[in-house]
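Okay, here's what each chain looks like letter by letter:
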Amino acid sequence: MKYYIMILCCCIFSWSQSQNCSATLSGKVLDFHDGSPITNATIFIESLNKYTTTDVDGQFSVTALCNVPIVIVVSHLACETKTVNITIEGDTFIDITLEHHIEELNEVTVAGVSNTKVTRTAQETLLKTETIDRFSALNLGDALKQISGVSSINTGNSIVKPVINGLHSSRIIVMTNGVRLQDQQWGIEHAPNIDLNTAGSINVIKGANALAYGGDAIGGVIILKPSKISLKDSLYGKTILSGQTNGRGYNANTSLTKTYKKGWYVGAQASVKRFGDFETPDYSLTNSGLNTKGFSVNGGFKTFEKGFNVYYSHLDNEIAILRASHIGNIEDLVNAINSQQPSVIEDFSYDINAPKQDVTHHVFKTEFYKRFKTFGRVDLQYDYQNNQRLEYDIRVGDDRDTPAIDLTLKTHTLKTTVKLDSNSNITYNFGVNAGYQNNFANPKTGVRRLIPDYDKYDLGAFAISNIRLNNAIHMDFGLRYDYNKIDAKKFYITSRWNERNYDTDFADLVIDDLGTQLLTNPVFEYSNISASAGIAYQLDTHNSFIFNYGLSNRAPNPSELFSDGLHHSAARIELGDLRLKQETSNRVSGTYNYTKNDLSLNFEAFYNHIKDYIFIEPTGTETSIRGAFPVWSYNQTNAAIYGLDITANYNFNDQWFLKHKSSITKGKDISQDRALIDMPSLKTVNSIGYSNPKWLKLKTELQSELVFRQNDYPNNNFEVFIPTTQQMVLVDVSTTPPTYHLLHLQSNITLDLSKKTDLNIGLNITNVLNTNYRENLNRLRYFADDLGRNIMLQLKLNY
């Protein structure tokens, strides 16, 4: 036994002598972002339980290592901890990179809120998840009206289009999860096909100072971002249930996300809304309900250095349009304007009958990104959208279930961006995008097609620089070029073609003469230059200023060019103009912000000169087989739109607070020295609120909304002959509704059900006093009052 022990000791001694444990591991820890050394990073060798830290040059050294594989854990404050596997083979040197700004990647709470803005020098406002959730049962346009300077143009209460500083429709870009929305947005009665519940935050940028998204955003850009994804093993979600008295409807939305520490994630969301006929204080709005169903799924891989995402969403909106708004001829319109009540008032119903819209929208997106050391980030994205719009008129016989408008719009977009951010004081963004769009107008509707078949081609490129001169001054400069081509096939009635003198100006567009009709092939190309410049100056800890300038150009959309016929859901004949030129906007703006202790003030002023501004206005009447209808024609003029938006907040103490928002926008037709049509009224909103975190996180707010009569409007009234009375009658489509005042109340509490689960219970009452009123920018104001009191109870479960 003694000999065995001696032999074993000799073997162990021989093995230990054969190990070379004199190796040295040295290296540097560098910032992935810009290559700068990271000081005081911790280097931990797990198997040896050895520690060291980096010096002022980011260097480290560990001695007396054996030639064996080891695991190194590198960590630093505000950096993502990194694990490195390495095999020691003599003296070894290694560079290790950490992202020193990784807190931006992990900016996550259970609610998944992103609190970052897109720009530094533009007039930008951020809506957070808490506000978005409160409007879960409503739509995008309703939520955005919480921002000073943002209003809406409505067709009833379910079709709500955002208006930014007096501009809407094709002049506003809507981005949802990185995809520019393409959904026949040219129509005033076409609301954005977006489920508000898919957004984690919303950024609203006024004016054309976000060139990365497009050069034609004369009004502004609305950016809906999904909730942030956390880099940890987690499963979290949210469910919102609500019911309300007006419309006797409900809303349900739920979302669930699974994330993994290594970067993989998958999520899903679904929602449903159902409302019946809404009510004014005095009567039911027959056929005004809504039925919406939507869902989205997404998944991918995300780390700081690389990642990809695949996303799909589906939304189906069935929207009833007030039955009384369906007029058979101009005499019906005269009677509606002169009547205090709708011509059709029936008992409450959940049925959605004609006139109505049925719109289905699909979005598919895939994207990939990669970061390169001391260089920046490269993104590549492809997205596809399919939008089908069906508009149903009141018809009889075999066509009663056939839509009067049947449009299918398919859009393909490919884009790539490069961000150079190795120098934290100067960053550059470059991007290129290409798009193809096909619109098909189904000829089987039995109705003359309002919008023709067309193919549209887009190509764009931009360059943006962001410069930080010092901690107080930031500057942005941007330049963008866009090329657009539209190739259409359209039938014109020969008499209409000649009446508009197209036979002289566009004779070469005719490809087939069918006698009473002409088949034409209009092809238009547009080249647009856009530019932006801005400066943000932090005077001191309390005062800051922003000044910016934006040049943008917008090509006319298909509706403005080609509309030719009766638009049934609008109950009017719309006429486009092939002679329309692109709009050119020069916008200057300034912002002053003051923040001190419990007081914050924000003033945003702007002046927007638009050359060849395109607008639609009534120009007379035209008789069809159904009778006389008003004719609305697209025209151009030189216009100026200017105004001031004010936001103020004051906290009396930790519980009581005051809020104020006011917005005034003026629009002038410079060429004709008159007011522009469809400008929002002066509006002021004041709130007083109380919050107490100790009382179940109680929050209560009483809001006063005062909207003044719009006294600046063009006189577009016209006279028409009424056969039944054999008289000429003035049709007053211009005079605006009177001033109105509304009170709203909202209150909520939060119950902590467990460490990671809470229940928020909210009560919202709009139009508390059940006031009768009509909104100037509601297209159905000729036919009925706006909504009466609504009481909504909402339950939100975060888990």
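Just so it is clear, the model here is predicted, and its values are computed rather than measured.

Okay, the overall build of the protein chain next. What the protein chain contains, in helices and strands, is seven helices and 43 strands. Its C-alpha atoms give the protein chain a radius of gyration of 31 Å, within 12% of the compact-globule value 28 Å for 799 residues. By principal-axis analysis of the C-alpha atoms, the protein chain measures approximately 130 × 65 × 55 Å. Counting over 799 residues, the protein chain shows a buried share of 53%. Within the protein chain, contacts between residues separated by at least 24 positions form 65% of all contacts whose residues are at least 6 apart in sequence. Counting every atom, the protein chain has about 35500 Å² of accessible surface; 56% of that belongs to carbon and sulfur. Mean positive and mean negative side-chain charge positions of the protein chain (75 and 83 charges, respectively) differ by 6 Å.

With that out of the way, let us pick up the state of the cysteines. Here the structure, examined in full by the defined rule, presents one disulfide. Each sulfur of the disulfide joining C21 and C66 lies 1.8 Å from the other. Since a negative S-S torsion denotes a left-handed disulfide, the C21-C66 link at about 90° is right-handed. Here C66 lies in the loop between strand 4 (59–65) and strand 5 (69–75) and C21 lies in the loop between helix 1 (2–18) and strand 1 (23–31), a separation of 45 residues in the sequence.

Secondary-structure assignment places N438 in strand 23 (residues 426–441). Taking C-alpha positions, N438 is 29 Å from K611, a pair spaced 173 residues apart along the chain. If sequence neighbours within four positions are ignored, N438 has contacts with T408, L409, K410, Y454 and D455.

Next up on the list: unusual backbone geometry. For the bond from A354 to P355, the omega torsion is 0°, close enough to zero to count as cis. Mapping P355 onto the fold places it in the loop between helix 4 (330–338) and strand 20 (356–372). Backbone geometry at N165 places phi at a positive 50°, although glycine is not the residue there. You can see N165 is positioned in the loop between strand 10 (159–164) and strand 11 (172–176). Phi is positive for N501, which is not a glycine, with a value near 60°. As for its position among the elements, N501 is in the loop between helix 5 (494–499) and helix 6 (502–505).

Relative to strand 19 (residues 306–320), strand 18 (residues 290–302) runs antiparallel, the two sharing 13 bridges. Within strand 19, the residue paired with G300 across the bridge is N309. Where strand 18 hands over to strand 19, the hairpin turn is made up of three residues, counted between the paired strands. One ladder, built from 15 bridges, connects strand 19 with strand 20; its direction is antiparallel. When the sheet's bridge partners are listed, V310 is paired in strand 20 with T366.

On to a nonpolar patch on the surface, then. A cluster of nonpolar side chains, namely Y260, W264, F308, V310, F364 and F368, defines an oily patch on the protein surface of about 550 Å² accessible area. Counting through the fold element by element, F364 comes out in strand 20.

A word on the nonpolar core. Nonpolar side chains in soluble globular proteins generally cluster together in the buried interior. By size, the foremost hydrophobic cluster in this structure holds 38 residues, and its most contacted members are W497, F524, L561, F562, L578, Y613 and I641. The element contributing the most residues to this core is strand 33 (residues 599–624), with six residues. Formed by 28 residues, the second largest nonpolar core is a distinct cluster that contains A137, A336, F718 and V733.

Averaged over every residue, the pLDDT of the protein chain is 90; the share at 70 or more is 94%. In the model, residues 8–18 has pLDDT below 50 throughout and makes zero contacts with residues more than four positions away in sequence or in other chains. Considering only residues more than four positions removed or in separate chains, one finds that residues 102–114, a stretch of pLDDT under 50, has 32 contacts.

One pass over the structure, following the stated rule, counts 25 aromatic pairs. A centroid spacing of 5.7 Å and a plane angle of 35° characterise the contact between F275 and F278, whose relative ring orientation is tilted. Of the aromatic side chains, those joined through ring pairs into one cluster are Y492, W497, Y502 and F506. Between K258 and the ring centre of Y260, over which it is positioned, the NZ or CZ distance is 4.8 Å. Across from the ring centre of Y492, 5.0 Å away, lies the NZ or CZ of K490, which sits over that ring.

For S585, the position within the fold is in strand 32 (residues 583–596). Ignoring anything within four residues of it in the chain, the contact list for S585 reads I218, G550, L551, S552, N608, H609 and I610.

Of note, K456 is situated in strand 24 (residues 453–468). For the pair K456 and F657, spaced 201 residues apart in the sequence, the C-alpha separation amounts to 51 Å. Among all residues touching K456, those that are not within four sequence positions of it are G435, Y436, Q437, N484, K485 and I486. A polar contact is formed between the side chain of K456 and the side chain of D458, at a distance of 2.8 Å.

This next bit is on the sheet that holds strand 6 (residues 82–87). Spatial ordering of the open sheet is given by 3-2-5-6, a layout of four strands whose pairing is antiparallel. The strands lining the two open edges of the sheet, one partner per strand, are strand 3 (50–53) and strand 6. For this sheet, the mean angle separating the axes of adjacent strands, direction not counted, is 25°. With four bridges connecting them, strand 2 (residues 42–45) and strand 5 associate as antiparallel partners. Within the sheet, the bridge partner assigned to I45 lies in strand 5 and is I72.

Below, the discussion takes up the sheet that holds strand 13 (residues 201–206). Strand order in the open sheet formed by five strands is 8-13-14-11-12, and the pairing between neighbours is mixed. Every other strand in the sheet has two partners, leaving strand 8 (123–127) and strand 12 (179–180) as the edge strands with one partner each. Across five bridges, the pairing between strand 11 and strand 14 (residues 220–225) is parallel. Note on strand 14: the bridge partner recorded for I172 is G220.

On to the pattern of salt bridges. If you walk through the whole model with that rule in mind, you get 34 salt bridges. In this structure, K659 and E701 form a salt bridge, with 3.7 Å as the shortest nitrogen-oxygen distance. Linking K659 in strand 35 (residues 656–669) with E701 in strand 38 (residues 698–707), this pair joins segments that are 42 residues apart in sequence. On the accessibility criterion, E701 (10% relative accessible area) is buried. Three or more residues joined by partner-sharing salt bridges are found here, namely R171, R554, E560 and E583.

Moving on, we get to the pairing of strand 42 (residues 758–766). Successive side chains on a regular strand alternate, one facing one side of the sheet and the next facing the other. With eight bridges connecting them, strand 41 (residues 740–752) and strand 42 associate as antiparallel partners. Looking across to strand 42, one finds that D752 is bridged to D758. Linking strand 41 to strand 42, which pair antiparallel, is a turn of five residues.

Bringing the side chain of N778 into the picture now. Topologically, N778 is positioned in the loop between strand 42 and strand 43 (790–798). Its relative accessible area of 5% is what places N778 among the buried residues. For N778, the residues in contact, after removing those within four places along its chain, are N154, T155, G156 and D786.

So, how was this worked out
- Residues numbered from 1 in each chain as written.
- Predicted model: local features only at pLDDT ≥ 70, side-chain atom pairs only at ≥ 80, totals over all residues.
- Heavy atoms only, no water.
- Helix = DSSP H or I, 4+ residues; strand = E, 2+ residues; numbered from the N terminus.
- Rg over C-alpha atoms; globule rule 2.2 N^0.38 Å.
- Buried < 20%, exposed > 50% of the residue type's maximum accessible area, 1.4 Å probe, protein only.
- Contact = heavy atoms within 4.5 Å.
- Areas by Shrake-Rupley, 256 points an atom, 1.4 Å probe, with all protein chains shown as cover.
- Lys, Arg positive; Asp, Glu negative; His and termini not counted.
- Charge placed at Lys NZ, Arg CZ, Asp CG, Glu CD.
- Disulfide = S-S within 2.5 Å.
- Pairing = 2+ DSSP bridges.
- Patch = residues over 30% accessible without salt bridge, like charges linked within 9 Å, V, L, I, M, F, W, Y side chains within 5 Å.
- Salt bridge = Lys/Arg side-chain N within 4 Å of Asp/Glu carboxyl O.
- Core = buried A, V, L, I, M, F, W, Y, C linked by side-chain atoms within 4.5 Å.
- pLDDT = per-residue confidence, 0-100.
- Phe/Tyr/Trp six-rings, centres within 6.5 Å; stacked < 30°, edge-to-face > 60°.
- Lys NZ or Arg CZ within 6 Å of the ring centre and 35° of its normal.
- Polar contact = N/O pair within 3.5 Å; in protein donor to acceptor, adjacent residues only side chain to side chain.
- Axes fitted to C-alpha atoms, helices over the stretch in contact; angles between N-to-C directions.

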